[in-house]
Amino acid sequence: MNSIVYGGGWGGLPADPVLTPAGFLRHGSPAINTASTPVLPVSAKDIHGEVRGANPDLGADEYVDSDTDHLPDFWEMAHLAASLPMAPPTVIPTG
Ligand SMILES: [Ca+2]
Ligand SMILES: [Ca+2]
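Residues numbered from 1 in each chain as written. Chains lettered and ligands numbered in written order. Predicted model: local features only at pLDDT ≥ 70, side-chain atom pairs only at ≥ 80, totals over all residues. Heavy atoms only, no water.

As for the overall build of the protein chain
Thought 1: Scanning the protein chain from terminus to terminus reveals 1 helix and 0 strands.
Thought 2: Counted over contacts in the protein chain with a minimum sequence separation of 6, partners at least 24 positions apart contribute 27%.
Thought 3: Summing over all exposed atoms, the protein chain offers an accessible surface of approximately 6700 Å²; the carbon and sulfur share of this is 64%. (Helix = DSSP H or I, 4+ residues; strand = E, 2+ residues; numbered from the N terminus. Contact = heavy atoms within 4.5 Å. Areas by Shrake-Rupley, 256 points an atom, 1.4 Å probe, with all protein chains shown as cover.)

So, in structure tokens, the structure goes:
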């Protein structure tokens, strides 16, 4: 199984892929970690530049959630990075 198509057409996984409106994998998607291995030649990285693991996901997106809060890393970087507290300024001793 190397694809996921709603309804199972073309030999794809016959399940709702559970995507975001933009077409990326969401927590709980049946596409996560279900690509057959060895898979067809795929990039070692996904559409976001994230490294695919030993059990790659179906499709162009690899679901990566380093802090396991159910929000993918690429989304957190795009939407939350600006609201994160800034690091304290570096103090350089002057003498
Ligand atoms: Ca990704
Ligand atoms: Ca996360």
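What follows picks up the thread again.
Digging into the packing of aromatic side chains
Thought 1: In this structure the tally under the stated criterion is 1 aromatic pair.
Thought 2: Ring geometry for Phe24 and Phe74: centres 4.9 Å apart, planes at 65 degrees, overall edge-to-face. Note that Phe24 is positioned in the segment before α1 (73–79) and Phe74 in helix α1, a separation of 50 residues in sequence.
Thought 3: Here Phe74 falls in the buried class, since its relative accessible area comes to 19%. (Phe/Tyr/Trp six-rings, centres within 6.5 Å; stacked < 30°, edge-to-face > 60°. Buried < 20%, exposed > 50% of the residue type's maximum accessible area, 1.4 Å probe, protein only.)

Side note on the coordination of the calcium ion (ligand 2)
Thought 1: For the calcium ion (ligand 2), the full set of protein donor atoms is Asp65 (OD), Asp67 (OD), Asp69 (OD), Leu71 (O) and Glu76 (OE), at a range of 2.0 to 2.2 Å.
Thought 2: Going along the chain, you hit the donors of the calcium ion (ligand 2) in the pattern D-x1-D-x1-D-x1-L-x4-E.
Thought 3: Classification of Asp67 as partly exposed rests on a relative accessible area of 42%. (Donors = N, O, S within 2.8 Å, 3.2 Å for Na, K, Ca; no water.)

Considering the coordination of the calcium ion (ligand 1)
Thought 1: Around the calcium ion (ligand 1), the donor atoms from the protein are Asp46 (OD), His48 (ND1), Glu50 (OE), Asp61 (OD) and Glu62 (O), and they sit 2.2 to 2.5 Å away.
Thought 2: Counting along the primary sequence, the residues that act as donors to the calcium ion (ligand 1) give the motif D-x1-H-x1-E-x10-D-E. An identical accessibility class is assigned to Asp46 and Glu50; each is buried.

A closer look at the side chain of Glu76
Thought 1: Mapped onto the fold, Glu76 is located in helix α1.
Thought 2: It is Arg26 that comes nearest to the buried, bridge-free Glu76 among opposite-charge side chains, at 14 Å. (Lys, Arg positive; Asp, Glu negative; His and termini not counted. Salt bridge = Lys/Arg side-chain N within 4 Å of Asp/Glu carboxyl O.)

Considerations on the nonpolar core
Thought 1: The biggest cluster of nonpolar side chains holds 7 residues, and these are Leu13, Leu25, Ala31, Ile32, Ala35, Leu58 and Tyr63.
Thought 2: Contact partners of Ala31, with chain neighbours within four places excluded, come to Ile4, Leu25, Asp57 and Leu58. (Core = buried A, V, L, I, M, F, W, Y, C linked by side-chain atoms within 4.5 Å.)

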